[in-house]
Amino acid sequence: MDVFQLQKQFIDYKASLYHEGFLDKQFTQLQELQDENNPDFVVEVVSLFFEDSERLLSELTKALEQQNIDFKKVDAHVHQWKGSSSSIGAQRVQKVCIAFRNYCEQQNVEGCLKCLQQVKHEYYLVKTKLETMFQLEQQILTAGGSIPV
Amino acid sequence: MARNGAVSWRSWRTEKIDGFDLSPSDTEEVHVLAVDDSHVDRKVIERLLRISSCKVTAVDSGRRALQFLGLDEEKGSNDFEGLKVDLIITDYCMPGMTGYELLKKIKESSAFREIPVVIMSSENVLARIDRCLEEGAEDFIVKPVKLSDVKRIKDYTTREFRVGGRGINKRKSRESCDISSSPPSILSSSPISSSSSPSSQSPSLSPSTLSATAPSSPSSLDSPTRRLKMTSSE
C-alpha cells in the first residue's frame with residue numbers, strides 16, 4: 001500500500017472511532033497538544049491510561065469477588081476510571097463508568113457485576129482500536145509520509 | 001513573553017520572599033503547582049501548562065503540595081523548597097487530603113494565601129463549586145481540562161488582574177459558555193428569590209462594569225454569594 005492509501009485508511013479509521021463513540025473531542029484536544037517537540041505525547045498518555053485501567057480492572061474484580069462488597073471502595077475505583085477515560089476521550093468507557101457508579105450507590109451487586117463486564121469489554125475494545133490506530137500511524141511514517149491531522 | 005515595566009513588576013514579585021534571589025528568567029515564566037492523584041491527569045495538565053508557557057511542578061497529593069510549599073506541619077520550618085509558586089491548580093477528589101482541604105490550608109497560611117488556587121473536578125456539583133469559591137478559590141474547572149481553561153486561569157497570575165480586584169466571576173460549568181462571550185442579561189422580575197435555587201436565572205454584569213468597582217482586599221472575596229449569582233448559566 002502506498003502512502004496515500006495508508007493515509008486514507010488512517011483517516012477513515014480514525015473517523016469511525018469518533019463516529020462509533022469510542023473517542024470524543026477530548027482525544028482531539030490531546031492530539032492538539034502534540035507537536036514535533038513532543039511527538040509521542042498522545043501515545044504516552046494513552047499508555048498511562050492502559051496501565052491505570054489494568055490496575056483498576058484488577059482491583060474492581062477483586063473487590064466485587066468479596067463476600068461483603070465494600071461499595072465505597074468499588075465506587076472509588078470506578079470514579080478514578082471514569083476520570084481517566086474522560087481525560088483521554090475514551091467516551092464509551094466513561095459512559096459505562098457512569099452507569100457503574102449508579103449501581104454502586106444503590107449497592108446493587110447484579111448491576112455492578114454487569115457493569116464490570118461491560119467496562120472490561122469497552123476498555124479492551126478501545127485499547128485494540130487505539131493500538132490499531134497507532135500502528136497505522138507508524139506505517140505511514142515508515143512509508144515516508146506524514147500523519148494527516 | 002515580554003513584559004513592559006519589567007523592573008517594577010519584578011520587584012513586586014521578589015519582595016515577598018526574603019533573601020530569595022530570583023534571576024530574571026525565573027520571574028518571566030509563571031510557575032504552576034499542579035496537584036492530582038491521577039497519573040493520566042497529571043500528564044495532561046502538565047502538558048497543557050507547558051504549552052501555555054508555564055513552568056510546572058506536578059505532585060500527586062495535597063500533602064506533597066504542602067511539603068513543596070514548605071507548609072507541611074511535620075517538616076517544621078517554612079523553608080522554601082523551590083521556585084516561587086504563582087498559581088496552584090488542584091483536583092478536588094483525592095484520597096487523603098481533598099483539594100478543598102488543601103485550598104483551606106493555603107488560604108489559612110499567611111505566606112501563601114495570596115496565591116490563586118483553582119479547583120478541578122470531574123463533577124459539576126453546584127454545592128461543591130460554591131463551597132470552593134467561598135473558601136477563596138479563583139475558579140472551578142470541570143474536567144476534562146482543555147487548553148482554553150488553562151489559558152483562562154493563567155490570567156489570574158498577572159499583576160493587572162490582582163491589583164484590579166477579583167472582577168468577574170469565572171465559575172464554569174459544562175453548560176455555561178465562556179464569560180467574556182456571554183452578553184449581559186438583566187432579570188426583570190422573577191418570582192424566584194435570588195437567595196434560593198442557585199440554578200435559577202440570575203443577573204449577570206458585563207466584565208467592564210464589574211472591574212470598575214474598587215479593588216477589594218486581596219484576602220477576602222467581595223460578597224461571594226453575590227459573585228456566584230453573577231454567573232450566566234443556561
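Criteria and thresholds
- Along every chain, residues carry numbers that run from 1 in the direction the sequence is written.
- Chain letters and ligand numbers both follow the written order, the letters beginning at A and the numbers at 1.
- With the structure being a predicted model, the display of local features is reserved for residues of pLDDT at least 70 and the display and counting of side-chain atom pairs for 80 or more, all residues being used for whole-chain, interface and lining totals.
- The side-chain quantities take in all heavy atoms of the structure and omit both hydrogens and water.
- Only DSSP runs of H or I covering at least 4 residues are called helices, and only runs of E covering at least 2 are called strands; the numbering of each starts at the N terminus.
- Burial classes: relative accessible area under 20% of the type maximum marks a residue as buried, over 50% as exposed, and values in between as partly exposed (1.4 Å probe, protein chains only).
- Whether two residues are in contact is decided by their heavy atoms, any of which lying within 4.5 Å being enough.
- Here the Shrake-Rupley method, with its probe set to 1.4 Å, supplies the accessible areas, and only the displayed protein chains count as covering residues.
- Salt bridges are defined as contacts in which a side-chain nitrogen from Lys or Arg sits within 4 Å of a carboxyl oxygen from Asp or Glu.
- Only when DSSP finds a minimum of two bridges between them are two strands counted as paired.
- For helices, the fitted axis covers only the stretch in contact; all axes are lines through C-alpha atoms, and the angles between them, taken along N-to-C directions, range from 0 to 180 degrees.
- Aromatic rings from Phe, Tyr and Trp, with only the six-membered ring used for Trp, were paired whenever their centres fell within 6.5 Å, and each pair was classed as stacked if the ring planes differed by under 30 degrees, edge-to-face if by over 60, and tilted otherwise.
- Charge-over-ring placement is defined geometrically: NZ (Lys) or CZ (Arg) within 6 Å of the ring centre, and within 35 degrees of the ring normal.
- Counted as a polar contact is a pair of N or O atoms within 3.5 Å, where, for protein atoms, one must be capable of donating a hydrogen and the other of accepting one, and residues adjacent in sequence contribute only when both atoms are in side chains.
- For any pair of parts, buried area is found by adding up, for both, the accessible area (1.4 Å probe) each one loses once the two are put together.

Participant: Summarise the overall build of chain B; cite the residues concerned and give the values.
Facilitator: The helix and strand inventory of chain B stands at ten helices and five strands. Buried positions account for 47% of the 234 residues belonging to chain B. Pairs at least 24 apart in sequence give 65% of the contacts found in chain B among residues at least 6 apart. Just so you have it, chain B exposes about 11400 Å², and 51% of that area is on carbon and sulfur atoms.

Participant: Outline the pattern of salt bridges, listing residues and values.
Facilitator: Within this structure, the stated rule accounts for 19 salt bridges over all chains. Arg101 of chain A is the partner of Asp75 of chain A in a salt bridge, and the nearest nitrogen-oxygen pair spans 2.9 Å. With Asp75 of chain A in helix 4 (residues 71-88) and Arg101 of chain A in helix 5 (residues 91-106), the pair connects residues that are 26 residues apart, well separated along the chain. Each of the two residues, Asp75 of chain A as well as Arg101 of chain A, counts as buried. Arg64 of chain B is paired through a salt bridge with Asp60 of chain B; the nearest N and O atoms lie 3.0 Å apart. The exposure class assigned to Arg64 of chain B is partly exposed, which follows from its relative accessible area of 45%. Asp60 of chain B sits in the partly exposed class, given a relative accessible area of 30%. Members of the salt-bridge network, linked through shared partners, are Asp75 and Arg101 of chain A together with Glu123 and Arg128 of chain B.

Participant: Outline the sheet that holds strand 5 (residues 139-142) of chain B, listing residues and values.
Facilitator: Residue and element names in this part refer to chain B. A sheet is described by the order of its strands in space; here five strands give the open sequence 2-1-3-4-5, paired in parallel fashion. The open sheet has two free edges, formed respectively by strand 2 (54-59) and strand 5, since each of these has just one partner strand. Between one strand axis and the next, the sheet turns through 20° on average, direction left out of account. The sheet contact formed by strand 1 (residues 30-35) and strand 2 spans six bridges and is parallel. Its bridge partner being in strand 2, Ala34 is matched across the sheet by Ala58. Here helix 3 (residues 39-51) sits on the sheet and contacts strand 1, strand 2, strand 3 (87-91) and strand 4 (117-121); the angle it forms with strand 2, its principal contact strand, is near 165°. In this fold helix 7 (residues 147-154) packs onto strand 1, strand 2, strand 3, strand 4 and strand 5, with an angle of close to 170° to the strand it touches most, strand 5.

Participant: Lay out the packing of aromatic side chains in plain terms, naming residues and giving numbers.
Facilitator: Each pair of aromatic rings is reported with the distance of its centres and the angle of its planes. Overall, the coordinates contain five aromatic pairs over all chains when judged by the stated rule. A connected cluster of aromatic rings, assembled from ring pairs, spans Phe49, Phe50, Trp81, Tyr123 and Tyr124 of chain A. Stacked on the ring of Phe41 of chain A, the Lys or Arg Arg47 of chain B has its end atom at 6.0 Å from the ring centre. Lying across the ring of Tyr100 of chain B, Arg131 of chain B places its NZ or CZ 5.6 Å from the centre.

Participant: Any chance you could break down the environment of Ser109 of chain B for me, citing the residues and the numbers?
Facilitator: Residues and elements named next belong to chain B. Tracing the chain through its elements places Ser109 in the loop between helix 5 (99-108) and strand 4. The exposure class of Ser109 is buried, given its relative accessible area of 8%. Separated by 3.3 Å, the side chain of Ser109 and the backbone nitrogen of Ala111 make a polar contact.

Participant: How would you sum up the interface of chain A and chain B? Please name residues and give values.
Facilitator: Contact with chain A, which involves 21 residues of that partner, is made by 16 residues of chain B. For the pair chain A and chain B, the summed buried area comes to about 1600 Å², and 60% of that belongs to carbon and sulfur atoms. On inspection of chain A and its partner chain B, the count reaches three salt bridges. We note a salt bridge from Glu44 of chain A to Lys43 of chain B, for which the minimum N-O separation is 2.8 Å. At the junction of chain A and chain B, the tally comes to seven residue pairs in polar contact (both at pLDDT 80 or more). Secondary structure elements with two or more residues in the side of chain A that touches chain B: helix 2 (25-32), helix 3 (41-65) and helix 4 of chain A.

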